[in-house]
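Residues per chain, in single letters:
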Amino acid sequence: MQEKKGFTLLEIMIVGAFVSLLVVMFFIQKANVDAMNRDDDRRTAINAMHYALQEYYYPKYGYYPLEISEEVLPVIDPALFTDPSGINLGNDGSSYSYEPANCNSENQCREYILRAQLEKEEAYIKTGKQ
């Protein structure tokens with residue numbers, strides 16, 4: 001009898017299933033890494049806003065603003081006010097929020113909360129008080 005060279009259908013199916021499993025695992029892991037990178041970008045933006053408020057705005061004016069924007073905090077990159085989804089701080093759907101607190105009638109605030117909604121962890125929060 002002649003021996004046939006090559007792979008059986010079962011062997012090819014097993015290799016195909018294994019390769020498919022590896023591809024699925026790769027894309028799942030890639031999605032997790034991308035989400036963690038977006039979370040890092042959110043934390044970086046919140047930290048920049050927080051330190052600009054603490055080191056630039058408060059020492060200059062003696063209070064915190066009612067709202068923050070590129071005009072209020074010109075010392076940071078304007079792109080940081082836009083979350084990874086492309087939505088600016090203060091707009092509906094943004095993963096960033098600025099909440100002033102303890103404000104007087106002249107819109108001068110003594111406290112604030114900066115918050116970023118993260119994908120892989122709890123919300124990232126920075127606060128400021130006089």
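As a starting point, this report considers the structure included with it. (Residues numbered from 1 in each chain as written. Predicted model: local features only at pLDDT ≥ 70, side-chain atom pairs only at ≥ 80, totals over all residues. Heavy atoms only, no water.)

**A look at the overall build of the chain**
And then number 1: Across its full length, the chain holds one helix and three strands.
And then number 2: Overall, the chain shows an N-to-C arrangement of helices and strands of α-β-β-β.
And then number 3: If one aligns the C-alpha atoms of the chain with their principal axes, the spans along those axes are about 100 × 25 × 20 Å.
And then number 4: By the burial criterion, 25% of the 130 residues in the chain qualify as buried.
And then number 5: In the chain, of all internal contacts separated by at least 6 residues, the share reaching a separation of at least 24 is 46%.
And then number 6: Mean positive and mean negative side-chain charge positions of the chain (12 and 19 charges, respectively) differ by 6 Å. (Helix = DSSP H or I, 4+ residues; strand = E, 2+ residues; numbered from the N terminus. Buried < 20%, exposed > 50% of the residue type's maximum accessible area, 1.4 Å probe, protein only. Contact = heavy atoms within 4.5 Å. Lys, Arg positive; Asp, Glu negative; His and termini not counted. Charge placed at Lys NZ, Arg CZ, Asp CG, Glu CD.)

**Focus: the packing of aromatic side chains**
And then number 1: In total, this model carries seven aromatic pairs according to the counting rule given.
And then number 2: Plain terms: the ring middles of phenylalanine 26 and phenylalanine 27 are 5.1 Å apart, the flat faces sit at 75° to each other, and that makes the pair edge-to-face. Neither residue differs from the other here; phenylalanine 26 and phenylalanine 27 are each classed as exposed.
And then number 3: Here the aromatic rings of tyrosine 57 and tyrosine 61 are separated by 4.5 Å at their centres, their planes lie at 40°, and the arrangement is tilted. One end of the pair, tyrosine 57, and the other, tyrosine 61, are both in helix H1 (residues 9–61), four residues apart, so they sit about a helical turn from each other.
And then number 4: Linked through ring pairs, Tyr58, Tyr64, Tyr98 and Tyr112 together constitute an aromatic cluster. (Phe/Tyr/Trp six-rings, centres within 6.5 Å; stacked < 30°, edge-to-face > 60°.)

**Quick look at a nonpolar patch on the surface**
And then number 1: A cluster of nonpolar side chains, namely Val15, Phe18, Val19, Leu21, Leu22, Val23, Met25, Phe26 and Phe27, defines an oily patch on the protein surface of about 880 Å² accessible area.
And then number 2: Topologically, leucine 22 is positioned in helix H1. (Patch = residues over 30% accessible without salt bridge, like charges linked within 9 Å, V, L, I, M, F, W, Y side chains within 5 Å. Areas by Shrake-Rupley, 256 points an atom, 1.4 Å probe, with all protein chains shown as cover. Salt bridge = Lys/Arg side-chain N within 4 Å of Asp/Glu carboxyl O.)

**Looking at the sheet that holds strand S2 (residues 109–116)**
And then number 1: The strand order across the open sheet formed by three strands is S1-S2-S3, and the pairing between neighbours is antiparallel. Among the strands making up the open sheet, the edge pair consists of strand S1 (96–103) and strand S3 (124–129). Going across the sheet, the axis of each strand differs from the next one's by a mean of 15°, ignoring polarity. (Pairing = 2+ DSSP bridges. Axes fitted to C-alpha atoms, helices over the stretch in contact; angles between N-to-C directions.)

**Here we look at the pattern of salt bridges**
And then number 1: Going through the model one piece at a time under the given rule, you end up with seven salt bridges.
And then number 2: Lysine 30 serves as the salt-bridge partner of aspartate 34, at 3.0 Å between the closest nitrogen and oxygen. Remark: lysine 30 and aspartate 34 occur in helix H1; sequence separation between them is four residues, near one turn of the helix.
And then number 3: Assessed through its relative accessible area of 39%, lysine 30 is described here as partly exposed.
And then number 4: Ionic pairing is found between aspartate 39 and arginine 42, a salt bridge with its closest N-O pair at 3.2 Å. Of the two residues, aspartate 39 and arginine 42 are both situated in helix H1; the distance of three residues between them amounts to about one turn of the helix. In this pair, the class of aspartate 39 matches that of arginine 42, namely buried.

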